Each structure stands twice: as C-alpha cells, then as structure tokens.
Amino acid sequence: MTTATELKLPRLVTALPGPKAKQVVEYDAKYVSPSYTRDYPLVAKRGHGALIEDVDGNTFLDFSAGIAVCSTGHSHPKVVSAIQKQAAELIHMSGTDFFYESLPRFAERLSKTVPGAEAKRVYFGNSGTEAVEAAMKLARYATRRDKFIAFYGCFHGRTMGALSLTASKAVQRKGFGALLAGVEHIPYPYAYRCPLGHTAETCGEEILELLERDLFKRLFDPEDVAGIIIEPVQGEGGYVPAPKFFLQELQRICRQHGILLIVDEVQSGMGRTGKWWACEHAGIEPDILCSAKGIASGMPLGAVVARASLMDWRPGAHASTFGGNPVCVAAAMATMDLLESEYIENARRMGEFLFRRAADWTQKFRIVGDVRGRGLMIGVEIVHDQRTKEKAPELRNKIVQLAFQKGLLILGAGDTSVRLSPPLLIDEEQADFAVRTLEECFREVGKN
Ligand SMILES: Cc1ncc(COP(=O)(O)O)c(C=O)c1O
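Bear in mind that the values here come from a model prediction, so they are computed numbers and not experimental data. (Residues numbered from 1 in each chain as written. Predicted model: local features only at pLDDT ≥ 70, side-chain atom pairs only at ≥ 80, totals over all residues.)

1. Overview of the overall build of the protein
Scanning the protein from N- to C-terminus turns up 12 helices and 18 strands. Here the C-alpha radius of gyration of the protein, 22 Å, is about what a compact globule of 448 residues would show, namely 22 Å. Its C-alpha atoms give the protein principal-axis dimensions of about 65 × 60 × 45 Å. Sorting the 448 residues of the protein into buried and exposed places 51% on the buried side. Counting only contacts in the protein whose residues sit at least 6 apart along the sequence, the fraction spanning at least 24 positions is 74%. (Helix = DSSP H or I, 4+ residues; strand = E, 2+ residues; numbered from the N terminus. Rg over C-alpha atoms; globule rule 2.2 N^0.38 Å. Buried ≥ 20, exposed ≤ 12 C-beta atoms within 10 Å, placed from the backbone. Contact = placed C-beta atoms within 7 Å.)

2. Description of the sheet that holds strand β1 (residues 44–48)
Strand order in this open sheet of four strands is β1-β2-β3-β16, and the pairing throughout is mixed. Each edge of the open sheet is held by one strand with a lone partner, namely β1 and β16 (408–409). Taken together, the two bridges between strand β3 (residues 59–62) and β16 define a ladder with parallel strand orientation. When the bridges of β16 are listed, D62 appears paired with L409. (Pairing = 2+ DSSP bridges.)

3. Brief notes about the site of the ligand
The environment of the ligand is made up of 14 residues, and the closest members are S127, G128, T129, V266 and Q267. At three residues, helix α5 (residues 128–143) tops the list of elements feeding residues into the shell around the ligand. The residue makeup of the shell around the ligand, split by class, is four nonpolar, seven polar and three charged. (Near = placed C-beta within 6 Å. Nonpolar A, V, L, I, M, F, W, Y, C, P; charged D, E, K, R; others polar.)

4. Topic: the sheet that holds strand β12 (residues 302–307)
Read from one edge of the open sheet, seven strands run β4-β12-β11-β10-β7-β5-β6, paired in mixed fashion. Taken across any chain shown, the strands that pair with only one partner, and hence form the sheet edges, are β4 (120–125) and β6 (183–186). Here the strands of the sheet are splayed against their neighbours by 20° on average, with no regard to which way each runs. Note that strand β7 (residues 225–230) and strand β10 (residues 260–264) share four bridges and pair parallel. (Axes fitted to C-alpha atoms, helices over the stretch in contact; angles between N-to-C directions.)

5. Focus on the environment of L376
On the secondary structure map, L376 appears in the loop between β13 (368–374) and β14 (377–385). Separated by 103 residues in sequence, L376 and T273 place their C-alpha atoms 5.7 Å apart. With residues near it in sequence (within four places) discarded, L376 still touches R272, A347, M350, G351, S421, P422 and L424.

6. Some words on the nonpolar core
Within the largest apolar cluster, 127 residues are counted, with the highest numbers of intra-cluster contacts made by A135, I262, I288, V304 and A331. Sorting elements by how many residues they give to this core places helix α9 (residues 326–358) first, with 16 residues. Leaving out residues up to four positions away in the same chain, V304 has contacts with V122, Y123, A131, A134, A135, L138, I288 and C290. (Core = buried A, V, L, I, M, F, W, Y, C linked by C-beta atoms within 7 Å.)

7. Considering unusual backbone geometry
Note that the residue after L16, namely P17, is joined by a cis bond; omega there is -5°. You can see P17 is positioned in the segment before α1 (19–31). Although it is not a glycine, S94 adopts a positive phi angle of roughly 80°. Position of S94 among the secondary structure elements: in the loop between α3 (77–89) and α4 (102–111). Within the chain, Y239 stands out as a residue other than glycine whose phi angle is a positive 55°. Counting through the fold element by element, Y239 comes out in the loop between β8 (233–234) and β9 (240–241).

8. With respect to the packing of α9 against helix α12 (residues 428–447)
Running from amino to carboxyl end, α9 crosses α12 at an angle of 30°, the nearest separation of the two axes being 10 Å. If you check the angle between α9 and α12, you find them roughly parallel. For the pair α9 and α12, the crossing hand works out as right-handed. Contact with α9, carried on its side by M350, F353, L354, R357 and A358, involves E428, A431 and V435 of α12 and no other residues of that element. (Parallel < 35°, antiparallel > 145°, perpendicular 65-115°, else oblique. Left-handed = near helix turned anticlockwise from the far one by under 90°.)

9. Side note on the packing of α4 against α9
Interhelical geometry of α4 versus α9 gives an angle of 35° and a closest axis separation of 10 Å. As α4 packs across α9, the resulting crossing turns out to be left-handed. In contact with S102, L103, F106 and R109 of α4, α9 contributes P326, V329, A330, A332, M333 and M336. In terms of residue class, the contact of α4 with α9 is made up of eight nonpolar, one polar and one charged.

10. A word on the environment of R255
Along the polypeptide, R255 turns up in helix α8 (residues 244–257). Taking the number of C-beta atoms within 10 Å as the measure of exposure, R255 has 13 and is therefore partly exposed. Sequence separation between R255 and L438 is 183 residues, and the spatial gap between their C-alpha atoms is 43 Å.

11. Comments concerning the pairing of β7
Consecutive side chains of a regular strand alternate in pointing toward one face of the sheet and then the other. Most of β7 sits out of view: six of its six residues are buried. One ladder, built from three bridges, connects strand β5 (residues 147–151) with β7; its direction is parallel. Across the sheet, residue I149 finds its bridge partner in β7, namely I228.

12. Description of the pairing of β6
Sheet topology places β5 next to β6; four bridges connect them, and they run parallel. When the bridges of β6 are listed, I149 appears paired with E184. Between the parallel elements β5 and β6, the chain passes through helix α6 (residues 160–165) in a crossover that is right-handed. (Right-handed = clockwise from strand over helix to strand, strands pointing away.)

Listed below in structure tokens is the structure:
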C-alpha cells in the first residue's frame, strides 16, 4: 500500500473533519486565542512536499503552503537536515550582542539577490510585521522625516506601527484605538476594480496623479514623507499585481522627493513569482525591501534589506533577541540553495502552466470574474455577475470549503478572491489536480 509520504495527490479516508480532528478543534477552542481565523477544520499532523496529512490519516494537496510560507514544501529533507545539524551545534547566541559567521554569510547572500548596484546590509527579525516595523524605523531614522504613505487593501502586519500601514480589513484595527499618526492611504492600482472608477488601462495613472496633485498638495508636503510602502503584488488584498509602469513611476516620484520606496515582499518574495522578488518584474530598485514568510521554509525569520549607506544606524538603535537565530538562518540558507537550483524556475514554469489552464475560466464559469497574479501567486476573483462585478464572498467561502472537502487546501484573499499559493515544488500532476478540483468547485457553487 502507498504510504502517505509516497503520495502525490490527496487521499481522503474519513468524512471531514475526522473524529480526531473534531477533538482537536474543540480542545483548541478552550485554550487558544479566538482571534485566529480558521476557515476549515484542517488539523495538520505531518507534511511532505506539497502534501499535508491530518490527524485522521487524510492527505491533502496544499495550495496554501501555510500562508505562502513553505516555499520548499513541507519538511524538505535538506531543510530538515540543515536545521538538525545547526540545532546540535548552536541554537542561540543572539546576533544583537555576539557574532556567528552564518549571519553575515546569509546577509551577504540575501542582499545579493536584491536589485541595485550598491552594497547592502540586512537587519534580522522574526516575522513580517517585525520586518515592516524595522523598515519604518529605518526610514524615519535615515530621512529624519516622519510620514508614510501606504495603499488601501495592503496588509503589512499587526503590530502597532505596521498596523498603521495596513488597510486590509477594519476588523484588524477595530478596538485598538489610535494608531501611528502621519500615515495616509491611497488606492492600489487594482485593474479589475479600479478604486477611482476608471478603466484598467488608466487606473494607475489616475492614482499617481491623485498622489501628486492632491495628497502632496493638501495633506503631506513630500519633503515630510519618509517612505511610501507598497506590496508589488498585493497578498491579503486578493493577489493583485501592481502594473509595471505604476511601480516604475512610483520609484521616479520617490526619487524626485527624497522619499524612500519600501517594498513589502513578505508574501510575494523569495521566488514565489518566478523571480527572487516580485519588484524585479518591474525592474525597480527599492530603497528598502521587507521579507519574511517563505524565506526560511517555515522557521521564523524576517529580514530588511537596504542600501548600506541607508542602513547606517547607531548601535542600539534597533535590535531583536531572536532575530537571525542560527537555526532559522541555517534553514534559510538551505531554502536559498533549493530556490536557486530549481524551485524559482519551477514556480515560473508551474505558474505559466496554471495560467494557461485557467485562461478560459472567465468564459467557462460565470462566477469567475478575474484571474491574475504572477508565478505561483494566483488570485481568482469570484463574482455574482461578470458584467456588474458584484462581489460574491459567500460563494468564495463555499469554494474554499468545498475544495477542502475534495482534498485541496486553499485560502481566500481580499473581499471575494481565492488565492493559490502552493509550495514552489509542485509538479504538473499536482497543478492539474488543483485545476480540475477548482473547476468542479466553480461548477458546483455556480449552479446555485
Ligand atoms: C505583505 C505582508 N506583509 C507583512 C505581513 C505580516 O507578516 P507576519 O504575519 O509574519 O507578521 C504579511 C502577512 O500576511 C504580509 O502578507
């Protein structure tokens, strides 16, 4: 009989959730913070490649990768071995007070993947929100300015500074009082639903005009703005890529006014879009780049990369006890080896494969309004009516549930989209299974 680790596709052996999963869900409700948003009762036990086995022995194909984290798949043997080797040698010493060689070695390697000729330095934290927090502090410190501009729909994290930039869902801010002053938001160039009501072609231009004509004239003098932060592909907002020209123009505007361009690549980074960084698709050179999630295959690590002349803050200005912990760095090095040797290219190829297969979805399924993204960062927008584009969050939620019942793990994103963010090692058979399963879901949900 095939064992779970030899499987390539799902195998369901109980009704879902199974009896053990039910128990864990009840247990969890008693002791774990209810602030988490679990869409369905997947109780993971072990993972292998793109597959997850639950506590009842059901195997699922994972097109969520632990929210775009497990870039090299679950428990890749090379990542596991790097973690084990490092853990046996040195688990922690704190890079903030002591030295260990792997830290500069990884910093050098990581910084060389980031566009821009100037040498760079890296600050290490433990998560995406910490990376954004550090980027904000660095931008203020380096420019001696205090204002920020961010985009509606973007998600940058949940600590107080990063939350001030986040404009994703009101529930993320509700009840927490006043956030950081000096942050303004402008619309994101969301071609399918231009927030200014313009056409997809002119949407980005109008937003840039709004920035220069209104925001810089009426709210913030550009000379007071420390940074503009953007996700090159909006993640939580629905997997929406910003057009190339938009990012290029944003860079021009930033340079014109001495504003730092901060790209948040926490979700889009580390190979997911078929290049190391999504900003490379637009040929821009960010001043500060934030990374986390996929950087260490599931170990907690966040990194901020900036030009060396910019990241020139004093000892004591910013630090974190665990940031750049040796075990996480070992996992990140192994992750980079795998991404470099095969998985970035695989993400590009499999992304093309999926986009080819999804090319006729808007013709075949009346509830599919838009399919967009880059590489293995794909958003499918679900609507009631393709003409009016009426949002259909309840249908989207049904699709997510139904996919789970069929053995495919996906997550929602934005108001009414489904996101596909599999590990970067999926093959055609797995991509084909995902396509067929999603098509079944669209058919079944679209009937009602
Ligand atoms: C673009 C982006 N930035 C920041 C974050 C925050 O990361 P973390 O949850 O690791 O704090 C996320 C998380 O989803 C993200 O997608």
